[in-house]
Amino acid sequence: MSTGDSKPSEPKGDFGLIGLAVMGQNLILNAADHGYTVVCYNRTTSKVDHFLANEAKGKPIIGVHSVQALVENLKRPRKIMLLVKAGDAVDNFINQLLPFLEKGDIVIDGGNSHFPDSNRRFAELKEKGILFVGTGVSGGEEGARTGPSLMPGGNEAAWPEIKGIFQDIAAKSDGEPCCDWVGDAGAGHYVKMVHNGIEYGDMQLICEAYDVMKRVGKFTDKEIADVFATWNNGVLDSFLIEITRDILNFNDPTDNTPVVEKILDTAGQKGTGKWTAVNALDLGIPVTLIGEAVFSRCLSALKDERVKASTILQGPEVSGESPVKDKQKFVDDLEQALYASKIISYAQGFMLMNQAAKDYGWKLNNAGIALMWRGGCIIRSVFLKEITAAYRENPHLDNLLFHPFFKDAITKAQSGWRSSVAHAITYGVPTPAFSTALAFYDGLRSEKLPANLLQAQRDYFGAHTFQVAKGKGTEFLPENQWVHVNWTGRGGNVSATTYDA
Ligand code: 6PG
């Protein structure tokens, strides 16, 4: 630990970090534990002094009071990570750094930045000869300290320079680092955005399982915690199931009742799930589960309206004893519903990333992404090991659901999944994520959907034209043409107009 405000004759720093909130501090300590000398700066400089005098004591950490000193203390090419609030703060710090940087230096944004911003920063800095990296960092404060999941993308020329430190400080899964190069421009932040969207989906699914156990099964929180504990030893083994178990077991010491039941039921959100849903709509990919997860948070936030509606709107309710006769089957069915819905959610997430790769010209490596999410991050789970294996076996897999492992898993889970959704619907408990996953599954496996009628409606009221299905062509309705039908016969006989396809 030392201060580095006077210009050193020989810079010692391997890595610079701006932003000493807990995430930043923990990432610095993690890097220092791996033998890297880290130079740190924070806008409120007293934080630097406090950090140096306490957590950083005895470690290879240099604290500075200006961005200039930060740059001067770093070996070339400088590698500087910003862990500051996404948005203007990132641009402000980049602008402060620029006068002191040289061509080939690397600026890394480790915040939850929106990928279009990262696309822009990548291009702006490239023009100046500075290598921009936008990296997803997941795992919260604990992950930052012990090994986060890192998803770097941007200027690929930076990768050989930062690969060592990134892979050293990242979490490991079966000995492999949960960090690899994601792709060009904003690809790293894009993949982190989808990670967060999936995080929203996983959390919503868990909440729905809890709600069904509580409202239909009439389980106590302790009983629900025990169910999650059991599930955590099976196919659902994951960080989020584990913390849910612990949350449900956590009592308020003043009355020994679960803290979770005293928390106001309105969900917050910082926006990354919404970005994923909006992007899915932009790219035309049905990422329905994340969409429902975002809308569920929105509905929860309408607390006053819900309180009012609860006194006006009628529906089924389990008021007395639970209608569940076979508790074990009820719980097993729910486990299958959660598992199957989770498979759908990840399949949708990868569908979205595949489309993004095409539209944005990125080469995304699905197996690598699954491995990056396998450990360290919030959605880490045993299940991601199977996804990694599936994409390693076939990197060009059209859809995760077509892989024999997931196809079989979802086939086996199906009856429990359907019965859980039916239970929830019968007893009036909302399960939007379970239900949309099932509707998506049934939609995907439908050779025919009622969009024929929809096309007819569009053509009826707006002359939007339609195509004739293969093998159904007639003299009136030719194939391989765009056809408009005069559905009402107004202005003459019923007729069809065709346009070249
Ligand atoms: C992570 C988390 C992290 C953050 C979420 C919370 O990967 O470590 O995803 O990035 O906790 O952004 O998001 P909401 O506030 O929107 O729930």
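If you're wondering where the values come from, they're calculated on a predicted model, not measured in any experiment.

## What to know about the overall build of the chain
- For the chain, the helix and strand inventory stands at 19 helices and 16 strands.
- Projecting the C-alpha coordinates of the chain onto the three principal axes gives extents of approximately 90 × 65 × 45 Å.
- Per-residue burial over the chain gives 50% buried out of 501 residues.
- Sequence separation of 24 or more characterises 67% of the internal contacts of the chain that already satisfy a separation of 6 or more.
- Carbon and sulfur atoms make up 53% of the accessible area of the chain, which totals about 23,700 Å².
- Averaging the positions of the 51 positive and the 59 negative side-chain charges in the chain gives two centres separated by 1 Å.

## Structural notes on the site of the ligand
- Taken together, 14 residues are adjacent to the ligand, and N112, S138, E199, Y200 and K270 come closest.
- In the model, an oxygen atom of the ligand is placed 2.8 Å from a nitrogen or oxygen of the N112 side chain.
- The side chain of E199 places a nitrogen or oxygen atom 2.6 Å from an oxygen atom of the ligand.
- Of all the elements, helix α8 (residues 187–215) adds the most residues to the shell around the ligand, at 5 residues.
- Tallied by class, the residues present in the shell around the ligand amount to 2 nonpolar, 8 polar and 4 charged.

## Observations regarding empty space enclosed by the protein
- For the structure shown, the criterion picks out 1 cavity of 30 Å³ or more.
- There is about 40 Å³ of room inside the largest cavity.
- Along its surface, the largest cavity is lined by D202, I206, L236, S238, L240, I241, L338 and K342.
- Elements with a contribution of two residues or more to the lining of the largest cavity: α8, α10 (239–248) and α14 (327–360).
- Taken together, the residues of the lining of the largest cavity break down into 5 nonpolar, 1 polar and 2 charged.

## Description of the UniProt feature "binding site: substrate" (unreviewed entry) in the chain
- Per the UniProt annotation, the sites labelled "binding site: substrate" (unreviewed entry) are N112, S138, G139, G140, H195, N196, Y200, K270, R297, R458 and H464. On the basis of their most widely separated C-alpha atoms, the annotated residues across 353 residues do not gather in one place, lying as much as 49.4 Å apart.
- Among the structural elements, N196 can be located in helix α8.
- Here N196 falls in the buried class, since its relative accessible area comes to 5%.
- Of the polar contacts made by the side chain of N196, one reaches the side chain of K192; its length is 2.8 Å.

## A few points about the nonpolar core
- Within the largest apolar cluster, 110 residues are counted, with the highest numbers of intra-cluster contacts made by W231 and W373.
- No other element matches α14, which puts 17 residues into this core.
- When residues no more than four places from it in sequence are discounted, the contact partners of W373 are S149, M151, V191, V194, H195, I198, F350, M353, I379, R380, S381 and L384.
- In terms of nonpolar packing, the next biggest core, distinct from the first, is built from 34 residues, V38, V137, F166 and A170 among them.

## Notes on the pairing of strand β3 (residues 38–41)
- Going residue by residue along β3, you find V38 and C40 tucked away on one face and V39 and Y41 tucked away on the opposite face as well.
- The pairing of strand β2 (residues 15–18) with β3 spans 4 bridges and is parallel. By the bridge assignment for β3, I18 is matched with Y41.
- Following the chain from β2 across helix α1 (residues 22–33) to the adjacent parallel β3, one finds a crossover that is right-handed.
- Taken together, β3, helix α2 (residues 45–53) and strand β4 (residues 61–63) form a β-α-β motif whose crossover is right-handed.

## Some remarks on the UniProt feature "domain: 6-phosphogluconate dehydrogenase C-terminal" (unreviewed entry) in the chain
- On the UniProt side, "domain: 6-phosphogluconate dehydrogenase C-terminal" (unreviewed entry) is annotated at positions that read residues 188–488 here.
- In residues 188–488, the share of helix is 62% and the share of strand is 4%. The end C-alpha atoms are 53 Å apart.

## Side note on the packing of helix α4 (residues 88–97) against helix α5 (residues 115–127)
- Here α4 crosses α5 at 10°, and the two axes come no closer than 12 Å. The angle between α4 and α5 falls in the class roughly parallel. Across the interface between the two elements, V90, D91 and I94 from α4 touch R120, R121 and L125 from α5.
- When grouped by side-chain class, the residues that make up the contact of α4 with α5 number 3 nonpolar, no polar and 3 charged.

## Topic: the side chain of S420
- Tracing the sequence through the fold places S420 in helix α17 (residues 404–426).
- Within the structure, the side chain of S420 is placed 3.3 Å from the backbone nitrogen of L334, a separation counted as a polar contact.
- In this structure, S420 is in contact with D333, L334 and A337, ignoring residues within four places of it in sequence.

## Structural notes on the sheet that holds strand β16 (residues 496–500)
- Taken together, 3 strands build an open sheet; the order of strands is β14-β15-β16 and the sheet is antiparallel. One side of each edge strand has no neighbouring strand; the edge strands of this open sheet are β14 (466–467) and β16.
- Bridge count between strand β15 (residues 481–485) and β16: 5 bridges; the pairing is antiparallel. Its bridge partner being in β16, H484 is matched across the sheet by T497.

Procedures and definitions
- Residues numbered from 1 in each chain as written.
- Predicted model: local features only at pLDDT ≥ 70, side-chain atom pairs only at ≥ 80, totals over all residues.
- Heavy atoms only, no water.
- Helix = DSSP H or I, 4+ residues; strand = E, 2+ residues; numbered from the N terminus.
- Buried < 20%, exposed > 50% of the residue type's maximum accessible area, 1.4 Å probe, protein only.
- Contact = heavy atoms within 4.5 Å.
- Areas by Shrake-Rupley, 256 points an atom, 1.4 Å probe, with all protein chains shown as cover.
- Lys, Arg positive; Asp, Glu negative; His and termini not counted.
- Charge placed at Lys NZ, Arg CZ, Asp CG, Glu CD.
- Near = heavy atom within 4 Å.
- Polar contact = N/O pair within 3.5 Å; in protein donor to acceptor, adjacent residues only side chain to side chain.
- Nonpolar A, V, L, I, M, F, W, Y, C, P; charged D, E, K, R; others polar.
- 1 Å grid on protein atoms, 1.4 Å probe; cavity = no way out; pocket = protein on both sides within 12 Å on 5 of 7 lines; lining within 4 Å.
- Points joined across faces, edges and corners; volume = space filled by probe spheres on them.
- UniProt positions renumbered as here; feature names shortened; annotations may be inferred.
- Core = buried A, V, L, I, M, F, W, Y, C linked by side-chain atoms within 4.5 Å.
- Pairing = 2+ DSSP bridges.
- Right-handed = clockwise from strand over helix to strand, strands pointing away.
- Axes fitted to C-alpha atoms, helices over the stretch in contact; angles between N-to-C directions.
- Parallel < 35°, antiparallel > 145°, perpendicular 65-115°, else oblique.

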